[in-house]
Amino acid sequence: MRTTPLAAMVLALAPACASTAAAAPAAAPAAAPQPLDPMTDDKVERYEWVRPQADFVRREEMVAMRDGVKLYTVIVYRKGTRDAPILLSRTPYDADKSTSRNRSQKIGEILPLMDAPFVDDGYIRVYQDVRGLHRSEGDYVMNRPVRGPLNKTGIDHSTDTWDTIDWLVKNLPESNGKVGIIGSSYLGFTALMALIDPHPALAAAVPQSPMVDGWMGDDWFHNGAFRTFGFDYDLGQTVKEGGGSVPVGTGDEYQTYLDAGSSGAFARFWGIDQLPAVRKIMEHPAYDSYWQEQAVDKLLAKRKLSVPTLVMLGQWDQEDSYGGPAVYKAVKAAQPDAPIMLAIGPWRHSGANYEGYGLGPLKFEGDTALQFRLQWIKPFFDCRLKTRAAPCAAMPAAVTYATGTNKWEVDARWPAGTETPLYLTGDRGLSFQKPAAAGSDDYVSDPARPVPFIPRPVHMDGDAWRTWLVQDQRFADGRGDVLTYSGPVLDQPVHIKGAPRVELHAATTGEDSDWVVKLIDVYPPEQSAPSGLPGYQLGIGIEIFRGRYVHGFSTPAALVPGKTYTFGWSLPDVNHVFLPGHRIMVQVQSSLYPLYDRNPQTWVPSIFDAPAGAYKKATQTVRFGGKDASAVWLPVVKD
């Protein structure tokens, strides 16, 4: 039968069958193919980029869920793998791309950097597109709620994980039937959801920088203040064609958002207000049942945790600083003997999966991310997933990196420090002694001139976004709408382990107000300072609180002008040492723009819809000493 030109091309692209070639006797040279017609169609259906010489197997499967929806799943392992543990990640970021980082024939080059120690040691690596995205079937719901009041379908990430694991252990003869799950950010969320109703084969979980509660302190809001960068994420994540960041151009985003007015007006101007993901956020500005019933820490606290879990995050996580510690605290409060530990490294969001020599201008002792992957993550999985493994070591409460002294530390409890108040004082100072005399400091907060969260021009992407939490805060110090309180030069270290807690006694002439507190490590001014950062003002904890929620996050109400309220919230969990020769600083302000939308400082039911005329200047009063002694309570460790 005559071979057509197109068929000849496809045959030429297909991998040769080595076993057949070895068994066949020597044959006469094949006849030269007929020359192609110049107008032959140059397109072919497929090129198998994984060649026979590859050192790995890469399988693509459509795995059926209990409702018949099939999820695209990529399975990768080194050739010759047997009796292998399975390491699973469920992603909205394209399983195909996650397993083809480079078009290479070496397994260490096609997979993400963090996977190398596992596949080099005989693990099977599995990535799966969550339902409704990329090559998976079904509907995509941004944060698919667990089955219950918000989800009547009976299908959620927990059931999809259960069904996936069940298929894997039954259809991978190379495996030993034991599964671990890992992933960061959204993948940390899906890793936690696997623990809601875990499959019997699920033996260990490592959720990293997980999205846990989108209102309290992760992606969408922090203590009620809306994070505008969520618009870019929504548009990029939920639109099939034309998705990506909001097309505002390359100018200063500070001015772009300011020109738009409210965050709702911004959404309407750019035509993203009808995206379902955006509508859901804007329809629920307060902490109502929509948010509470999605909070993964609350969901896990209602169940007995049976799967050993290592929950981890970066100390300067610019996206999900809240979730990991919230899960640890909630589970431990409900189940003191729960098999869970917390890890905090000196990283940005998801930084544990990349190189960890430094962050912004900060330099650490070696590759801290690789150190943690090899010394903690891999042993954590090995002892629970390998067929012939050494017994697991006892799980500590926390493994954290002490920034300042640059070393890993292990603790039997978390927080490891004892709350100690650091008071604001009348001379714009700080003291561990409570001032006897009461007083106050004022500043004018002008919504027309909000305090930027990084120096202008503002761009909420790239390195500027990834490292904003370690930005030198001298750009804000000295503004008339920023109060700066500075302690004396330290003659001995102050070591904190835990979440510093803000107790701010304050009043406003407006009917609403945002309050921002920054805890800062001020480096010595000398050019010869060992850090190489003379005078640097390093943010150790930065967090916001929206004043309307002072009486309860689900019950917003107007503030009474001039009345002193006690605003309380926590800064992110840290392990940090303020070294001798340094100073401790606290800054107080009323905006971090445009990361958080502006508070109009007058009462409106929803700040998303605040009209232009609602934005008014207000005088903010911060009180110190006496019965209204404002302080930051530091979790101090007595080393």
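Just above, that's the structure.
Calculation criteria
Within any chain, residue numbers begin from 1 and follow the written order of that chain's sequence. Local features in a predicted model are, by the rule used here, given only for residues with pLDDT of at least 70; side-chain atom pairs are given and counted only at 80 or more, and totals for whole chains, interfaces and linings are based on all residues. To get the side-chain values, all heavy atoms of the structure are used, and hydrogens and water are removed first. Our working definition of a disulfide is a cysteine sulfur pair at a distance within 2.5 Å. Accessibility here uses a 1.4 Å probe with only protein chains present; expressed as a share of the type maximum, an area under 20% marks a residue as buried, one over 50% as exposed, and anything in between as partly exposed. One requirement defines pairing of two strands: DSSP has to find at least two bridges between them. We count a stretch as a helix when DSSP gives it H or I for four or more residues in a row; a strand needs E for two or more, and each element gets its number in order from the N terminus. Helix axes are fitted to C-alpha atoms over the stretch in contact, other axes to C-alpha atoms as well, and angles between N-to-C directions run from 0 to 180 degrees. A cavity, in this analysis, means grid points on a 1 Å lattice covering only the protein atoms where a 1.4 Å probe fits yet has no way out; a pocket is instead an open set bounded by protein on both sides within 12 Å along at least five of seven lines, and a residue lines either one if it has an atom within 4 Å of a point. Grid points are joined across faces, edges and corners, and a volume is the space filled by probe spheres set on the points. Note on residue categories: nonpolar means Ala, Val, Leu, Ile, Met, Phe, Trp, Tyr, Cys or Pro, charged means Asp, Glu, Lys or Arg, and polar means any other residue, Gly included.

Attention now moves to the state of the cysteines. Applying the stated criterion across every chain, the model contains one disulfide. The partner cysteine of C383 in its disulfide is C392, sulfur to sulfur 2.0 Å. On the sign convention where negative is left-handed, the bridge of C383 and C392, at about 100° about the S-S bond, is right-handed. We classify C392 as partly exposed; its relative accessible area is 32%.

Moving on to the sheet that holds strand 21 (residues 514-522). Pairing in this open sheet of four strands is antiparallel, and the strands run 18-25-21-22 from one edge to the other. Either end of the sheet is taken by a strand with one partner, and the two such strands are strand 18 (483-486) and strand 22 (537-546). The sheet shows a mean angle of 15° between the axes of neighbouring strands, direction not considered. As paired elements, strand 18 and strand 25 (residues 583-589) share four bridges and run antiparallel to each other. When the bridges of strand 25 are listed, T484 appears paired with Q587.

Empty space left among the atoms is revealed by rolling a probe the size of a water molecule over them. By volume, the largest pocket is sized at about 1300 Å³. What lines the largest pocket is a set of 47 residues, and nearest its centre among them are Y93, E319, H349, S350 and Y354. Listed by contribution, the elements that provide at least two residues to the lining of the largest pocket are strand 3 (84-91), helix 3 (95-98), strand 4 (124-129), strand 5 (175-184), helix 7 (186-193), helix 8 (230-238), helix 9 (253-260) and helix 16 (462-466). For the lining of the largest pocket, the element with the highest residue contribution is helix 8, accounting for four residues.

In terms of residue burial, strand 13 (residues 398-402) counts as a mostly covered element, since five of its five residues are buried. Here three bridges tie strand 10 (residues 340-345) to strand 13, and the two strands are oriented parallel to one another. Within strand 13, the position partnered with A343 by the bridge is V399. Here five bridges tie strand 13 to strand 14 (residues 407-411), and the two strands are oriented antiparallel to one another. Paired with T400 across the strands is E409, a residue of strand 14. Between the antiparallel neighbours strand 13 and strand 14 lie four residues, among them G404 with a positive phi of about 105°.

Turning our attention to empty space enclosed by the protein. Counted by the stated rule, this structure contains six cavities of 30 Å³ or more. If you add up the space inside the largest cavity, you get close to 130 Å³. When grouped by side-chain class, the residues that make up the lining of the largest cavity number nine nonpolar, six polar and three charged. Lining the second largest cavity, in full, are S445, D446, P447, P450, S590, S591, R598, N599 and Q601. Per-class residue counts for the lining of the second largest cavity are two nonpolar, five polar and two charged.

Coordinates in, geometry out; function isn't part of it.
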